[in-house]
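Chain residues, written in single-letter form:
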Amino acid sequence: AEYGKQWYQRRVRGMRDFLLYSVLQCLPWIGLHFHDSKDDPEFDRLLDMLEMKIEQREKDYMASIRVWSSDNPLPQIEYMDSLWVQIKNMRNNNWTDNWIVRPYLAFESKLESSLQHPLPQFELPPDLEHTQFPLPYVVFRIFDTQDVPNRPEVPKLPRFNSIDRFLVEDAIMNVIDSKNLTKKECAESLLRIMGRSSMPLNYMLVEVLFGGLLELPMPRYPELFYGSILIQLCQLMADHLPQVLAQAVAYVYERLETMNTVLVDRFGSWFAYFLSNFKYHWTWSEWEECIKLNKTDPNHPKPKFLKEVFLKLLWLTFYEKLKDVIPEEFFSLLPPKPGYSHKFAEAAPDNSLLNLQTKCGKALVESIKNKDSLEMMMASLEPLPEGSIDGRDLDAQFSEAKLEVVIQTILRVGCKSISHLSVALNRFRDLLLRVMPNQDAKVCCLRITFQFFETNHQLMCIMIEKYLNFQLMEPSCIVSWIFSPDMLPHFNRLYLWQMLESTICYCIKRCDRIKFELEKSKAKLKEKKDQEAVAAEPDLAEKRKALTQAAEEEVGHYVKLLEDAELSQKEVFLIVVQRFIMILTDHIVRSEQESRYTQTLWFRCTRDRLRQTLVKHRREVKRY
């Protein structure tokens, strides 16, 4: 009951904020009219009431939506507070601005004497449970007045608390909202805005697009949209925008130490995509400090950011090409050359388990070439012992040696391309399920797969999706492996969290897909029952009764599937939250015992990722 009360209060707060912001957005457009009339006290009472409502608002979510943990050099202001400050400044300036065009003023006398049309009554949405209100956000700021060149031909940038800043940003967002499906048309429409402005819109345009890209918990549009629009604008405004964009990148880079970890990853992914469209050219010499920082502190945000950028670039090009475009002094930050680690490629010493595995691996390859049956393939693995290797798990109910041979062999057969991997997993699915009888075996399978793709993390991310799509793994197995001690050295690398995110998204999409099929089955069942009710002839009635029973069985089938899928999804979220809490609690306890600072970079990164996971998937999490 208490949770239900809190949930309802949050829903009411969301609706109240939405209505309040809708009123605030109108004030810059109507304020001058009421100011000139000077005989309407209702307007002043409205402003006083709005100020009171804004001061009473609770903002306990600010830590979850801040881009940076520091307000230096520019403050991070919540969207409602920012607009209210701008409106108060506009009110102090007699409701004047430099943006709004008012052509109706030339016809004011005619408009006043014309027929007045009554406006319809505005009704609030009655169903709060299924109404989605916009989430709060922080107004993104990286440019101030001093960042624009002080030259006569360059217009001045309005201060961040000026209403002109809001009006221009609002116009830019209106274009993006209406033209986001066609990037070329969207970019051309944004250029038309620039043509009628006396403000440095190239700065404001970059700031708005960066703000959209770096919005928490998720951007309003796909990340690829913001990247493609910026590329399109750079091509259309080659003399003005690239320099501003480079300046913005430099400002964000300088503030990486206080930036939210999730946004550092998102910014790095965009930057790699952007470079891949401009021949990977960049002034790398400005970031040479990363080389020294990497030697003293490899986990420092700046060298860590460059490592992730180079890894992303590697996913978009060839390793040799990347080495050609990156200065030699930055090679220490490059990832290793992608490849495969086939454990049984070379002969091992006699009378060793590795030697026995190598022989069984060769026998399995021959069995595969001969297209032998499943039982014959399993027979080639009989010499291998049961249980775990090196006593890792004394209670293992599977043969780790057999599992390692099978996984390594199948991956070696299919590693030529992604298509080969898909074919290999589909063809040998029964064999894989035979050597993975339980969850421990599947976690072990993931460990072996990661060892095989140790220097090819892109393919490892793809393999996670393949294992899920071919139903070789339960999502809970993948989450357990991600939080296992074996993955601690990779705990703060982006590719690991991409695997976790793809696993969670798989659970959510599977539940949504089954719900859709269930609704179709229920509609089909209702139709069959209606047909059965009007059947007159005995033969036809019997036939329709059989169809109704088949439809009922189909509904029952999807109900069972949905129950299993939701149970699996619940298990995934429970494991994620439980492991996060255990890891963070252990860090806090050890830090206090050793009298060390608790809020380390590692702690902040882990906390940011936990917060992002819970907020992004809040609709699913709240059910459990």
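Please refer to the structure placed before this passage.
Residues numbered from 1 in each chain as written. Predicted model: local features only at pLDDT ≥ 70, side-chain atom pairs only at ≥ 80, totals over all residues. Heavy atoms only, no water.

Caption draft 1: Spatial organisation of the overall build of the chain. From N to C terminus, the chain includes 26 helices and two strands. Along the first, second and third principal axes, the C-alpha atoms of the chain reach 100 × 85 × 55 Å. Counting every position in the chain, which comprises 624 residues, the buried fraction comes to 47%. Surface accessibility of the chain: about 33200 Å² in total, with carbon and sulfur atoms responsible for 54%. The distance from the centre of the 81 positive side-chain charges to the centre of the 86 negative ones in the chain is 2 Å. (Helix = DSSP H or I, 4+ residues; strand = E, 2+ residues; numbered from the N terminus. Buried < 20%, exposed > 50% of the residue type's maximum accessible area, 1.4 Å probe, protein only. Areas by Shrake-Rupley, 256 points an atom, 1.4 Å probe, with all protein chains shown as cover. Lys, Arg positive; Asp, Glu negative; His and termini not counted. Charge placed at Lys NZ, Arg CZ, Asp CG, Glu CD.)

Caption draft 2: The packing of aromatic side chains, seen in detail. Scanning all chains against the criterion turns up 38 aromatic pairs. An angle of 65° between the planes, with centres 6.2 Å apart, marks the rings of Phe210 and Phe267 as edge-to-face. With Phe210 in helix α8 (residues 201-213) and Phe267 in helix α11 (residues 261-276), this pair connects stretches of sequence that are 57 residues apart. Phe210 sits in the buried class, given a relative accessible area of 0%. (Phe/Tyr/Trp six-rings, centres within 6.5 Å; stacked < 30°, edge-to-face > 60°.)

Caption draft 3: Here's a closer look at helix α17 (residues 400-414). Taking 1.5 Å as the rise per residue, α17 with 15 residues should run 21 Å; its terminal C-alpha atoms sit 21 Å apart, in good agreement. Taking burial as the measure, the 15 residues of α17 include 13 buried ones, the bulk of the element. (Expected span 1.5 Å × (residues − 1).)

Caption draft 4: Looking closely at the environment of Ala363. Considering the arrangement of structural elements, one finds Ala363 in helix α15 (residues 353-369). Here the alpha-carbon distance between Ala363 and Ala63, two residues 300 residues apart in the chain, equals 58 Å.

Caption draft 5: View of the pattern of salt bridges. Per the stated rule, a full pass over the model turns up 38 salt bridges. The partner of Glu404 in a salt bridge is Lys343, with the nearest N and O atoms 2.8 Å apart. A residue pair is termed long-range when its members are at least 10 positions apart, and Glu404 in helix α17 and Lys343 in the loop between α14 (319-325) and α15 qualify at 61 residues. Residue classification places Glu404 among the buried positions, given a relative accessible area of 4%. For the salt bridge of Arg447 with Glu400, the shortest nitrogen-to-oxygen distance reads 3.2 Å. Taken together, the residues span a long stretch of sequence, with Arg447 in helix α20 (residues 439-452) and Glu400 in helix α17 at a distance of 47 residues. As far as the burial class goes, Arg447 and Glu400 line up, both buried. A single salt-bridge network, built from bridges that share partners, covers Asp17, Arg57, Lys59, Glu78 and Asp81. (Salt bridge = Lys/Arg side-chain N within 4 Å of Asp/Glu carboxyl O.)

Caption draft 6: Main features of the environment of Leu263. Here Leu263 is to be found in helix α11. Assessed through its relative accessible area of 0%, Leu263 is described here as buried. Taking C-alpha positions, Leu263 is 15 Å from Leu601, a pair spaced 338 residues apart along the chain. Among all residues touching Leu263, those that are not within four sequence positions of it are Val67, Leu214, Glu215 and Leu216. (Contact = heavy atoms within 4.5 Å.)

Caption draft 7: Quick look at the packing of α20 against helix α21 (residues 457-469). Running from N to C, α20 and α21 point in directions that differ by 150°, and their axes come no closer than 10 Å. If you check the angle between α20 and α21, you find them roughly antiparallel. Where α20 crosses over α21, the handedness of that crossing is right-handed. Taking contact as the criterion, the partners of Cys445, Leu446, Thr449 and Phe450 in α20 are, on α21, His457, Met460, Met463, Ile464 and Tyr467. (Axes fitted to C-alpha atoms, helices over the stretch in contact; angles between N-to-C directions. Parallel < 35°, antiparallel > 145°, perpendicular 65-115°, else oblique. Left-handed = near helix turned anticlockwise from the far one by under 90°.)

Caption draft 8: Seen up close, the packing of helix α13 (residues 301-316) against helix α23 (residues 494-533). Packing of α13 against α23 leaves a shortest axis separation of 11 Å and a crossing angle of 65°. Of α23, the residues touching α13 (which contributes Glu308, Leu311, Lys312 and Trp315) are Leu494, Tyr495 and Gln498. Of the residues in the contact of α13 with α23, the class split is four nonpolar, one polar and two charged. (Nonpolar A, V, L, I, M, F, W, Y, C, P; charged D, E, K, R; others polar.)

Caption draft 9: Expanded view of the side chain of Thr548. Relative to the elements of secondary structure, Thr548 occurs in helix α24 (residues 538-593). Those residues in contact with Thr548 that lie beyond four places of it in its chain are Leu525, Lys528, Lys529 and Glu532.

Caption draft 10: Representation of the nonpolar core in the model. Ranked by internal contacts, the top residues of the largest apolar core, which has 168 residues, are Phe210, Met259, Trp270, Leu403, Trp481 and Phe483. Apart from the residues within four sequence positions on either side, Leu403 is in contact with Phe398, Val435, Met436, Ala441, Cys444, Cys445 and Ile448. Within the second largest apolar cluster, nine residues are counted, among which are Cys511, Leu525, Ala551 and Tyr558. (Core = buried A, V, L, I, M, F, W, Y, C linked by side-chain atoms within 4.5 Å.)

Caption draft 11: The arrangement of the environment of Glu257 in detail. Here Glu257 lies in the loop between α10 (241-254) and α11. The class of Glu257 is partly exposed, set by a relative accessible area of 40%. Sequence-wise, Glu257 and Ser70 are 187 residues apart; in three dimensions their C-alpha atoms are separated by 9.6 Å. Apart from residues lying up to four places away in sequence, Glu257 is in contact with His300, Pro301, Lys302 and Arg604.

Caption draft 12: A nonpolar patch on the surface, seen in detail. Together, Tyr104, Leu105, Phe107 and Leu111 give the surface a local cluster of nonpolar side chains, amounting to about 390 Å² of exposed area. Tracing the backbone shows Leu105 in the loop between α4 (79-92) and α5 (108-113). By relative accessible area, which is 44% here, Leu105 ends up partly exposed. (Patch = residues over 30% accessible without salt bridge, like charges linked within 9 Å, V, L, I, M, F, W, Y side chains within 5 Å.)

Caption draft 13: Quick peek at the layout of surface pockets. In this structure, the second largest pocket occupies an estimated 980 Å³ of space. Residue lining of the second largest pocket: 27 residues in total, with Glu223, Ser269, Lys312, Leu494 and Gln498 positioned closest to the centre. Secondary structure elements with two or more residues in the lining of the second largest pocket: α9 (223-236), α11, α13, α21, α23 and α25 (601-616). (1 Å grid on protein atoms, 1.4 Å probe; cavity = no way out; pocket = protein on both sides within 12 Å on 5 of 7 lines; lining within 4 Å. Points joined across faces, edges and corners; volume = space filled by probe spheres on them.)

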